[in-house]
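Geometric and topological summary
The primary structure of each chain is shown beneath.
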Amino acid sequence: MPPSHGGTDDARAAAWASLIADLEADCRDDPAAPTGRAPGAPSAAVPPIMNPLLEPPDPLEPPAPGFNRGGFSVGVASQGNVMFDGRRSSLESLGSVSSADRPSGGRLFRRRISPEKDRLKKETSSAGVQFVPTTVNGVLPSTMPLRNWLVYHAKSGHARPSSNKCCWREGVNSSNKTEKEYFEKAVQIALSLARKLEGDNTIHERDIVLDNVVVLNTADGESDFVASTHDGHTPRNERREICALGRGVFYELFARGAAPPAASRNQCLPESNAATATKTGASFGMALRLDADGDASMDEDEQPQPRTRRRRRRQVAKEWNVRDLLQAKRVPSSLCRLVADMMENEDCEANLFVGDTAIATFGDVVADLTQMDADPASFLHDSLLLRWRPVIAKKLYCRDAELQRALEVAERCWPQDSSRGEELEGVSEDDMYQARAQEFLMVSGHSGSGKSFFGQEFSAMLEKKGWRCLHCKFDRVHPQPLSFIMSAFDRYFDKLVSDSSGGEMDVGELEQIRRQILHSFGGDNIGMLCHLIPSMGQFIAEEGASLDVYVYGSSFNAHDAMASKCRLHHLFGLLTKAISQKPVLFLLDDIHWADQASLELITALVGGVGEEIDGDNPMETNSAGPGILFLGTYRTNELADADPLAAHLNAIKRLSNVTCTEILLDGLSAEDVNVMVSEALCYPKRLSRSLANLIHQKSAGNPLFVAEFLNDLTVENHLNYSLSSQNWEFDEDVIEALQISDGVAELLTKRLLRLPPSVLSALRVLSIFGSESSMQALTLVRDVCGNADIIGELDRPVREGLVKRTAETCTFVHDMIQDTVYSSIQASELLAMLKEIAEVLLVRTSENRPDAILFIAADLINRVGPEGAPLTDCIRYANLNLAAGEKAVEMFDFGSACSYLEAGISFLGQDYWTSNYNLSLHLFKNAALVQYAQGNTELMTERLNKVLNNARSFEDKLDSLNLVIHAETMDAGNVSKAFDKNFSVLRQLGETFPAELDNETIAKEVVETKALLEQYQPSTVSSIQPMSNPVKVAAMDFFPSLLMQCYQQKSRYYPLVGCRMTRLTLRYGIHEHSALGFCGLALAYATVFQDVSEGYKLGKYALAITNNRNMPAVYLTSLGMISIWKEPVQAILPDLLRAHKEGLKYGSITVALINSMLYTTRAFLSGSKLCPLGKDMALFWRQYVLYHRPLLCLSVTPFFNAFARLTGRNLPQSNAAGFDEDQILAKSLETKELVVCETIVVCKLMCSVIFREMDEAERLTREYLELFGKHDGAGFLQFVNIYRYFYGGLTAFDRYRRTRDQYWHDIGERAVSKFEAWTRECEWTFQNKLLLLRAEQQFAAGQVPEATQTYNLAIASARDHRFVHEEALSLELASGFYEQTGQREKSTYLLQQAKERYEMWGATEKAKSLVGI
């Protein structure tokens, strides 16, 4: 509905209706009426008019576009459609023209309006109203002819005379903003038409005229041709069509209605059309008042045509220039070039010469316009005139396919099409135990291939999707171990702090992260992380968290070394899980420069360190959130097989829970290089293609090479921009002849050599620090190496884009620039510079040296080496490296510590054990320690031998001996050797043990020690003073490993070791390991005297002096081995999980993992549901692999295989099911690993009994049970003993019932006797097992009534005490009993109940075996 501009006049409305009705009647009466154009001329769709039959016109706004000076035009499409008020309506719907009367071919009709009907036009003309398109509330209709669009925009740039949005006054020039907006809209229309012609061959070149174009959507410029006389089969002449598009549409479109040069039209149009086209173009120009000589108030037929005007047109026809004409009308040069190049094709049919710049395909037209539409500032609005050199944008070019692959990985990491609840809703129970695989993206390529830009672009894309990003960029020079990773986390939390104060992040999300961090860590653990990540302390400060940090004592031993490293890894693993409430991208840029400690931490994080079971819900892990996507970038051309990175990447690929995706960034294609060149030059791709092809040949598509080569071409004047021709000029032959032997390095060198000497000298000093230097270090050395002011000299490199500087750092924008600058330093000059810079740093920080400066100075000195250092300074440099190595150990970077300590050893010179004994001792002792922490046992042994052979006292050897014993204890094949060495060391420390042991000696020692301990109460034992005797302190440091060795070998010395530790504590004071001695005594008493109650009481003493660090070891023994006989087993499981988690947090990895093994054993054998338990078992297995614990892998392998047997599924992300149990069993018997042996046998026996494979159960019982029974009093109880007796007893009674062999009867009787004693200790755990054994015993004895009652009691007890698997077994055995006694119906019912209970447990394969029985 058009807006109202005055009062409604019914008479005028009636006149409108009468006028249109008469017109349509004339059309029906005389279809052959003259059309007002020459025969054969192309049809011209005239702008639409408002439909007066639907809505009356506004009396002050006549339909100007449709009424051309006495004539009335209606555009009729071939389908019989008319354009009314921007909408296409059928004539039939208006009752105006029938299909039979419709003119053929979609021709345009023009009828003279009768004089009687001319009154409206004259009235509106006399009123001085301009002819403008109808708008609704000042907004253009969605659809309108292109001429109307031109008319509107020709007027819309003028000032308004009133508040009427549709009326404009002429004479006021449009603003630059309005002009830019017009050309951007015009480009959209042109692009739409070019795309239409590129893919549509049904449009004839004669129809490519302005009057045949309709703008289908004025908002986005979508346009089309509305008339066509082409049959679609005639061969196309694409060059002629391009010329027609440029001449017939684009020229007038960009010139805002001005007609193209007449000569051009006459040459390109057929001869019969020339006159009409010239007349039409001229009349349109006069109608818009664009020609100075035109009179818009006169009709077309009345317009005078003076001879001077015609003469001027003939002159232009001889020597016209399209580009000049368009530029005169303020058309941007980019559009001028496009139209001129399109119109160069007008002589193509005459086989005349066509210029090199003539556009040959519509694809090039589309490409030009697409660039203008996508980036008008660069390609449309003549911004090139402001440049004098190419400018490569800092962005990623032409890596869409690679980005899409990366996005697919991110989608797997965090599916956005469903919430977490919806994601779990469709997961079957079979897959619940499967952990989501950790995703690791590895992006590689040569230097300069765009790896860093790829990471930044990918990060930006994910941040738009709601991700958060940690960006860690490594450098060749490591200012401080782990500094880059710490800085990444520090920036992350700093952003959270700023978001928290600025309100940019949801408060609820911030609080959730805070709560998760506090929930995951203890106070001193938080303090340790806040020490490394200061902004984390600011983030959680308001929660009042403790920031205490545990500091190791003066004796930093092997356990502390491993604990520190593992503790750090686990804490960072927990931290990454805590912050991943929303998905997080951890971008690791240039990891080929990462230090050893960083690589180890990255490998641990990717491998899942920190993943743990939720203590509140033991069947859920903290990995249930979106998680973290790791992306590492590295250079392929600098990665050798021997590099540490290669080893770590291979280790990550071998991890079963990690999915690795490798993306290689090869060189760009020639077309991709053309995109870069085109954007750098702001030049159409069709014109830059030849130059781009040459650059591609030289650069192999390396993006950095392309950028530097373009810059070099400009500097060397091989590429210049001509202001006169407005084109880039270059000689292809000259460029092709250029020789660049050393690639991008040569170009960078040439660029650097153009700098002043003082600037280059400053850059060389900066390059010595690496790709990035702290401003703190740079300020300290600002006047070294002959420089007056290095920081000031760096201003020019910053301006030229070579260096980026902030308040904290100064960085080369690309490490290739740093490499080139560093390589320009002569070898002899380099040594002098390194020494001078290091000495200046040491002197100027002598009183208060920051750690970062210490590491930088040590690194510089080590690059000089002992060969380049004076002998007088070597010892000083050795001490410097010792300080740096010890500081690196404190920061858990054993890789860097190893480098520093080994470098310190190299500075010692000759006869160092004599001249510098203390320095040598500390260097070698610490070097052995860090070599062990890294797993380098060969180098560790070499360094230890140096200490053991040259130490002056036994005390100086103790730390090294402890390290040797600890290392051998962790090696399953050397436990016996470590056991003997341990006794030898303790003997030299005054702690001797008898060579032969008997039961009487063991019992006497246990009873006497118990009496000494009971002089205290558990509540008062903690008041004992700390141990201070250095010899006894040293002895207590060796006892924990001895306890472990006794446990592994089931040695009878276990009770004596526990008693000795207890006696030392009571006499000399409490030691860190005293609680372990109390636990050893408690377990020994429960085993030796078979008195679990007294052992349980003694265990309370250990719990009374437990702290966070020794709690995992105390829980392992006190709860996992003693309380398990007194308390419900289900109640012990959460405490074992807690001990596992706390052990990982404090670095007690071995103890933590043993707790997880105990949890697995007890949960599996006590009937925890198999599917969720399988998920936990898979997690524990990954931790055993991650921390290299093969013995624990062997210990849990039987449960993995039993799980697979019962469920029919192998556990994911482990290869335990592939282990050969028979080989493991034989090997374990050989090495006396009886715990592993018994576990294997018990699991095999359990499955045999459950699946009723009684022959196999008989074999296992005969071969192994007596062997294990001989070791029941060897110093400790084992939980698997319960099930050895339980399933062995069931097997024995089954065999006795069938064979009446007394051998089996005796075995069964011993099992019943054991369970009678155990049931008195804990009825919950043992009663149902005792009842089932008695029922089988009674069944074998033929006591049917008693057996019937006892089976029922066994079933009820198992149900009441939540042992679902034993309830199922009781139901199945009872079913067999009823079957044998002839009660088949009862038997069938119980068997069905057993099947249901097996299914509840998760033993689907067993349940299937009962179907049909």
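As the structure is a prediction and not an experimental result, all values here were calculated from the model.

To continue, consider the nonpolar core. Formed by 318 residues in total, the largest nonpolar core has its most connected members in Phe493, Phe572 and Phe1164. With twelve residues, the single largest contributor to this core is helix H54 (residues 1234-1250). With residues up to four places along the chain from it excluded, the contact list for Phe493 reads Ile517, Ile533, Ser535, Met536, Phe539, Leu575 and Ile579. Counting residues in hydrophobic clusters, the runner-up holds 48 residues, among them Ile189, Leu197, Val213 and Val215.

What follows concerns a negative patch on the surface. Together, Asp731, Glu732, Asp733 and Glu736 make up a region of like negative charge exposed at the surface. Looking at the element boundaries, Glu736 is found in helix H27 (residues 732-737).

The strands making up a sheet associate through hydrogen bonds between their backbones, and the pairing can be parallel or antiparallel. Taken in spatial order, the three strands make up an open sheet running S6-S7-S8, and their pairing is antiparallel. Pairing within the sheet leaves two strands with one partner each, and these edge strands are strand S6 (144-145) and strand S8 (222-225). Taken together, the two bridges between S6 and strand S7 (residues 213-217) define a ladder with antiparallel strand orientation. Paired with Met144 across the bridge in S7 is Val215.

Owing to its 3.6 residues per turn, the α-helix aligns residues three or four sequence positions apart on the same side. Compared with an ideal rise of 1.5 Å per residue, which puts 14 residues at 20 Å, helix H14 (residues 400-413) spans 20 Å between its outermost C-alpha atoms and is within 8% of the ideal. Of the positions making up H14, those classed as buried are Glu402, Leu403, Ala406, Leu407, Val409, Ala410 and Cys413. Projection of H14 onto a plane perpendicular to its axis shows the buried side chains occupying an angular sector of 155°, all on one side. Among the exposed residues of H14, those oriented more than 90 degrees off its buried face are Asp400 and Ala401. In this fold, the buried residues of H14 make contact with strand S9 (438-445), helix H16 (451-464), strand S12 (628-635) and strand S13 (658-665).

In the structure shown here, the tally under the stated rule is 64 salt bridges. Close ionic contact of Asp789 with Arg782 constitutes a salt bridge, the shortest N to O distance being 2.7 Å. Overlapping salt bridges bring together Arg1252, Asp1255, Glu1258, Arg1262, Asp1294, Arg1295, Arg1297, Arg1298, Asp1301 and Glu1336 as one network.

Considering every residue of the chain, the mean pLDDT works out to 77; 75% of them sit at 70 or more. Throughout residues 615-620 the model reports pLDDT below 50, and contacts reaching past four residues in sequence, or to other chains, amount to 17 contacts.

Another aspect to go through is the sheet that holds strand S11 (residues 584-589). Read from one edge of the open sheet, five strands run S10-S11-S12-S9-S13, paired in parallel fashion. The sheet terminates laterally at strand S10 (468-473) and S13, the two strands that pair on one side only. Averaged over all neighbouring strand pairs, the angle between strand axes comes to 15°, with direction disregarded. Pairing of S9 with S13, which is carried by eight bridges, proceeds in the parallel orientation. By the bridge assignment, Leu441 is partnered in S13 with Thr661. Strand contacts of H14: S9, S12 and S13, with the helix running at about 165° to S13, the strand carrying the most contacts.

Note that Arg764 resides in helix H29 (residues 757-768). Once you skip the residues sitting within four places of it in the chain, Arg764 turns out to touch Val821, Ser824, Ile825 and Met833.

Positionally, Leu649 belongs in helix H23 (residues 644-654). Apart from the residues within four sequence positions on either side, Leu649 is in contact with Phe440, Met442, Ile591, Tyr634 and Leu639.

Between helix H24 (residues 670-681) and helix H26 (residues 703-715), the least distance of the axes is 11 Å, while the angle of their chain directions is 40°. In terms of orientation, H24 lies oblique with respect to H26. Viewed along their axes, H24 and H26 form a crossing whose handedness is right-handed. Contact with H24, carried on its side by Val673, Met676, Val677, Ala680 and Leu681, involves Pro703, Val706 and Leu710 of H26 and no other residues of that element. Counted by class, the contact of H24 with H26 contains eight nonpolar, no polar and no charged residues.

The subject of this paragraph is the packing of helix H40 (residues 937-950) against helix H41 (residues 954-969). Contact geometry for H40 and H41: axes closest at 9 Å, N-to-C directions at 150°. The angle between H40 and H41 places the two elements in the roughly antiparallel class. H41 is crossed by H40, and the crossing has left-handed handedness. Together, Met940, Leu944, Val947 and Leu948 of H40 and Asp956, Lys957, Ser960, Leu961, Leu963, Val964 and Ala967 of H41 make up the contact between the two elements. Split into classes, the residues belonging to the contact of H40 with H41 amount to eight nonpolar, one polar and two charged.

Take the environment of Leu568 next. As for its placement among the helices and strands, Leu568 is situated in helix H21 (residues 558-579). A residue is classified by how much of its surface remains accessible, and Leu568, at 1% relative accessible area, is buried. For the pair Leu568 and Asp893, spaced 325 residues apart in sequence, the C-alpha separation works out to 9.8 Å.

Taking 1.5 Å of rise per residue, the 21 residues of helix H56 (residues 1279-1299) would be expected to cover 30 Å, and the 30 Å separating its terminal C-alpha atoms lies within 8% of that figure. Phi turns positive one or two residues past the end of H56, at Arg1300, with a value near 60°.

The subject of this paragraph is the side chain of Thr576. With respect to the helices and strands, Thr576 occurs in helix H21. Judged by its relative accessible area of 3%, Thr576 falls in the buried class. Excluding residues within four positions of it along the chain, Thr576 makes contact with Phe489, Leu605 and Ile628.

Quick look at the pairing of S7 now. Taken together, the four bridges between S7 and S8 define a ladder with antiparallel strand orientation. Along S8, the bridge assignment pairs Val214 with Asp224. Connecting the antiparallel pair S7 and S8 is a turn made up of four residues, with Gly221 showing a positive phi of about 80°.

Counting buried residues along S11, six of its six residues qualify, which places the element largely inside the surrounding structure. Judged by which residues are buried, S11 turns out to be covered on both faces: Val584, Phe586 and Leu588 on one side and Leu585, Leu587 and Asp589 on the other are all buried. Sheet topology places S10 next to S11; six bridges connect them, and they run parallel. Opposite His471, over in S11, you have Leu587 as the bridge partner.

Scoring rules and cut-offs
- Sequence order as written defines residue numbering, which begins from 1 separately in each chain.
- In keeping with the model being predicted, local features are shown solely for residues with a pLDDT of at least 70 and side-chain atom pairs are shown and tallied solely at 80 or more, while totals for entire chains, interfaces and linings include all residues.
- Values reported for side chains reflect all heavy atoms of the structure, with hydrogen atoms and water molecules removed beforehand.
- Within this scheme, the nonpolar core is defined by two criteria: the residues are buried Ala, Val, Leu, Ile, Met, Phe, Trp, Tyr or Cys, and they are joined through side-chain atoms within 4.5 Å.
- Burial classification: accessible surface area is computed with a 1.4 Å probe over protein chains only, and a residue below 20% of its type maximum counts as buried, one above 50% as exposed, and the rest as partly exposed.
- Going along the chain from the N terminus, every DSSP run of H or I of four or more residues is numbered as a helix, and every run of E of two or more is numbered as a strand.
- A contact between two residues is defined here by any heavy atoms of the two lying within 4.5 Å.
- The patches reported here contain residues having more than 30% relative accessible area and no salt bridge. Joining distances are 9 Å for like charges and 5 Å for nonpolar side chains (Val, Leu, Ile, Met, Phe, Trp, Tyr).
- Each accessible area value is a Shrake-Rupley result obtained with a 1.4 Å probe; residue values ignore everything except the protein chains displayed when judging cover.
- When a carboxyl oxygen of Asp or Glu lies within 4 Å of a side-chain nitrogen of Lys or Arg, that pair is called a salt bridge.
- His residues and chain termini do not enter the charge count, which takes Lys and Arg as positive and Asp and Glu as negative.
- Taken as the charge centre is NZ of Lys, CZ of Arg, CG of Asp or CD of Glu, depending on the residue.
- For two strands to count as paired, DSSP must find a minimum of two bridges between them.
- An expected span of 1.5 Å times one less than the residue number is assigned to each helix.
- Directions are taken from the helix axis to each C-beta atom, and the arc is the one they span.
- Known as pLDDT, the predictor's confidence for each residue is given on a scale from 0 to 100.
- Here the axes come from fitting lines to C-alpha atoms, over the contacting stretch only for helices, and the angles between their N-to-C directions go from 0 to 180 degrees.
- Orientation is classified from the angle alone, with under 35 degrees giving roughly parallel, over 145 giving roughly antiparallel, 65 to 115 giving roughly perpendicular, and any other angle giving oblique.
- Note on convention: near helix rotated counterclockwise from far helix by under a right angle means a left-handed crossing. Clockwise means right-handed.
- Three classes are used, and their members are as follows: Ala, Val, Leu, Ile, Met, Phe, Trp, Tyr, Cys and Pro are nonpolar, Asp, Glu, Lys and Arg are charged, and the others, Gly among them, are polar.

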